[in-house]
Amino acid sequence: MTQIRTERLLLRHARPEDAEPLHAIFSDPVAMRWWSSLPHERLNQTRAWVEGMIAGNVAGAPDFVIEWNGRVIGKAGFWKLPDVGYILHPDAWGRGLAAEAVGAAIDHVFAERLTDIVTADVDPENTASIRLLERLGFVRTGFAERTWNIGGEWKDSLYYALDRVAWASRLSSGS
Ligand SMILES: CC(C)(COP(=O)(O)OP(=O)(O)OC[C@H]1O[C@@H](n2cnc3c(N)ncnc32)[C@H](O)[C@@H]1OP(=O)(O)O)[C@@H](O)C(=O)NCCC(=O)NCCS
């Protein structure tokens, strides 16, 4: 099983018991404000989500639970290649942890040659996520209106992409 250690984090495959700590995130309206579903109301919804994550890893989509000082603080990775997805507990925001985790997941898929491009679909109002993607070197590739209907409300999408060459040159320039 793949595990990735970064300076401050451990990224590892999901286990069934991750449902409880992940539910604290997936039930939080602040964390879920721009997610592709409404906040989870019941633990069973998060349990099903974690089961999907486990099955995805078995099928070859590298999605990781993020541990920080032994505590599960979120997830980063690929439910389905090449689309990257990430969410952190609001307690952990603003410390560069998402950049560290998402950067490590991207490093992994390029190093293992699982894909030549990583893409992202982000709500135009999700400033933190847009900043994170641009900081990692993603470039904007498109925009579409009314792409997601979340609880009766239409949301738009900004599309981003990062290819292997851009990622390698970013690493070699040390940015
Ligand atoms: C997006 C998210 C993962 C960022 O987590 P984070 O750990 O706070 O991010 P980082 O600390 O690594 O910051 C990355 C960049 O975003 C910036 N940033 C973080 N929060 C911000 C905010 N609220 N407004 C503007 N910029 C913000 C940081 O300053 C940093 O930029 P910098 O390196 O130029 O300083 C987190 O806000 C989150 O979990 N959001 C909810 C889930 C979500 O929206 N996921 C993405 C769906 S596409």
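For the structure itself, look to the data block above.
Small disclaimer: the values here were computed from a predicted structure and weren't measured. (Residues numbered from 1 in each chain as written. Predicted model: local features only at pLDDT ≥ 70, side-chain atom pairs only at ≥ 80, totals over all residues. Heavy atoms only, no water.)

### Here's the deal with the site of the ligand
In the vicinity of the ligand, 20 residues are found, and the nearest of them are Gly-94, Gly-96, Asn-126, Arg-131 and Arg-135. A distance of 2.7 Å is found between an oxygen atom of the ligand and a backbone nitrogen or oxygen belonging to Gly-96. Summarising the interface, the protein chains cover 75% of the accessible area of the ligand, which totals 930 Å² for the free molecule. Those elements that provide at least two residues to the shell around the ligand are strand 5 (83-88), helix 3 (97-111) and helix 4 (127-135). In terms of residue count, the dominant contributor to the shell around the ligand is helix 4 (six residues). Among the residues making up the shell around the ligand, the classes are represented as eleven nonpolar, five polar and four charged. (Near = heavy atom within 4 Å. Polar contact = N/O pair within 3.5 Å; in protein donor to acceptor, adjacent residues only side chain to side chain. Areas by Shrake-Rupley, 256 points an atom, 1.4 Å probe, with all protein chains shown as cover. Helix = DSSP H or I, 4+ residues; strand = E, 2+ residues; numbered from the N terminus. Nonpolar A, V, L, I, M, F, W, Y, C, P; charged D, E, K, R; others polar.)

### Observations regarding helix 2 (residues 43-58)
The end-to-end C-alpha distance of helix 2, which contains 16 residues, comes to 23 Å, matching closely the 22 Å that a straight helix rising 1.5 Å per residue would cover. Those residues of helix 2 that fall on the buried side of the exposure criterion are Thr-46, Val-50, Met-53, Gly-56 and Asn-57. The arc that holds the buried residues of helix 2, viewed along the axis, is 115 degrees, so those residues lie on one side. Facing away from the buried surface of helix 2 by more than 90 degrees, the exposed residues are Asn-44, Ala-48 and Val-58. At its buried positions, helix 2 is contacted by helix 1 (19-26), strand 3 (63-68) and strand 4 (71-80). Downstream of helix 2 by one or two residues, Gly-60 has phi in the positive range, about 105 degrees. (Expected span 1.5 Å × (residues − 1). Buried < 20%, exposed > 50% of the residue type's maximum accessible area, 1.4 Å probe, protein only. Arc of directions from axis to C-beta. Contact = heavy atoms within 4.5 Å.)

### With respect to the nonpolar core
With 34 residues, the main nonpolar core has Leu-11, Ile-106 and Phe-138 as its most contacted residues. Going through the elements one at a time, strand 2 (9-12), strand 3, strand 4, strand 5, helix 3, strand 6 (117-122), helix 4 and strand 8 (153-163) are the ones with two or more residues in this core. Contacts of Leu-11, omitting those with residues within four sequence positions, involve Thr-2, Gln-3, Ile-4, Phe-64, Val-65, Ile-66, Ala-101, Ala-104 and Ala-105. If you look at the next biggest cluster of nonpolar residues, it comprises 13 residues, including Ala-14, Phe-26, Met-32 and Val-50. (Core = buried A, V, L, I, M, F, W, Y, C linked by side-chain atoms within 4.5 Å.)

### Here's the deal with helix 3
For helix 3, with 15 residues, the first-to-last C-alpha span of 21 Å sits near the 21 Å given by 1.5 Å per residue. All of the buried residues along helix 3 are Leu-97, Ala-98, Glu-100, Ala-101, Val-102, Gly-103, Ala-104, Ala-105, Ile-106, His-108, Val-109 and Phe-110. With its phi angle positive at about 55 degrees, Arg-113 sits one or two positions after the end of helix 3.

### What to know about the packing of helix 1 against helix 2
Helix-helix packing: each pair is described by the crossing angle between the helix axes and the interaxial distance. Helix 2 packs onto helix 1 with a crossing angle of 115 degrees between their chain directions and a minimal axis gap of 9 Å. With respect to their mutual orientation, helix 1 and helix 2 come out roughly perpendicular. As helix 1 packs across helix 2, the resulting crossing turns out to be right-handed. In this structure, helix 1 uses Ala-19, Glu-20, Leu-22, His-23 and Phe-26 to contact helix 2, whose residues at the interface are Leu-43, Thr-46, Arg-47, Trp-49 and Val-50. The class makeup of the residues in the contact of helix 1 with helix 2 is six nonpolar, two polar and two charged. (Axes fitted to C-alpha atoms, helices over the stretch in contact; angles between N-to-C directions. Parallel < 35°, antiparallel > 145°, perpendicular 65-115°, else oblique. Left-handed = near helix turned anticlockwise from the far one by under 90°.)

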